[in-house]
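Structural features, examined
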Amino acid sequence: MQDLNITMLQMDLQWQNPTANKNLAEQLLAETDAEADLIILPEMFNTGFTLDAAANAETMDGPTVDWLRNLAARQQAAVCGSLIINDAGRHFNRMVWVLKDGTIGHYDKRHLFRMGGEDEGFSAGRERRVFNIGEWRIFPQICYDLRFPAWSRGLDEFDLMIYVANWPATRQSS
């Protein structure tokens, strides 16, 4: 199997500011000279982690998915990260997976963090997904999915498992 070169962006996200967060991602990518087969963005990379799903949701035809498609083409790499997607009136914490040819797939977070109220504004995904880059079979997961090892167990279904997460500092209301 060929090597898989991965670039992971750890970002200090700007709260509910997609333009600033996408600009930061592009700046960080411009500062690296590494060639990547896969670029991994954090959970809710465009807004920071927010429970205000309705106010921050986009569609799969929205500006952030379009930005991901353009980024994948420019970088000649697959790109993935999660964002809030409105799909037929339901909100998902969705990892969008874009190949360099523009092909799009997605994985919806299965395990919502009820203790934090995530289940009140989001719908849980139901399907496991495996994405391919060359010979690599990659199993994407989002944050709290980590706490459910039976969901993540694979019997030769994948070669690599990735988790994106966003553990923000405690926010204070003013």
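Provided above is the structure to which this section pertains.
We now turn to the structure provided with this report. (Residues numbered from 1 in each chain as written. Predicted model: local features only at pLDDT ≥ 70, side-chain atom pairs only at ≥ 80, totals over all residues. Heavy atoms only, no water.)

1. So, the environment of Gln10
Which entries qualify depends on this criterion: We count a stretch as a helix when DSSP gives it H or I for four or more residues in a row; a strand needs E for two or more, and each element gets its number in order from the N terminus. Note on exposure labels: buried denotes an accessible area under 20% of the residue type's maximum, exposed denotes more than 50%, and partly exposed covers the range between, all computed with a 1.4 Å probe on protein chains only.
On the secondary structure map, Gln10 appears in the loop between β1 (6-8) and α1 (18-30). For Gln10, a relative accessible area of 78% translates into the label exposed. The sequence separation of Gln10 and Leu28 amounts to 18 residues, and the corresponding C-alpha distance is 9.1 Å.

2. Brief notes about the pattern of salt bridges
The criterion, for reference: The salt bridge definition used is simple: a Lys or Arg side-chain nitrogen within 4 Å of an Asp or Glu carboxyl oxygen.
One pass over the full model with this rule turns up 10 salt bridges. Among the ionic pairs, Arg94 bridges to Asp108, the shortest N-O distance being 2.5 Å. One end of the pair, Arg94, is in strand β4 (residues 90-98); the other, Asp108, is in strand β5 (residues 104-108), and 14 residues separate them in sequence. Residue Arg94 is classed as buried on the basis of its relative accessible area, which comes to 2%. Across the salt bridge formed by Arg137 and Asp159, the nearest N and O atoms sit 3.0 Å from each other. Within this pair, whereas Arg137 is found in strand β7 (residues 136-142), its partner Asp159 is found in the loop between α5 (149-152) and β8 (160-164), the two being separated by 22 residues in sequence.

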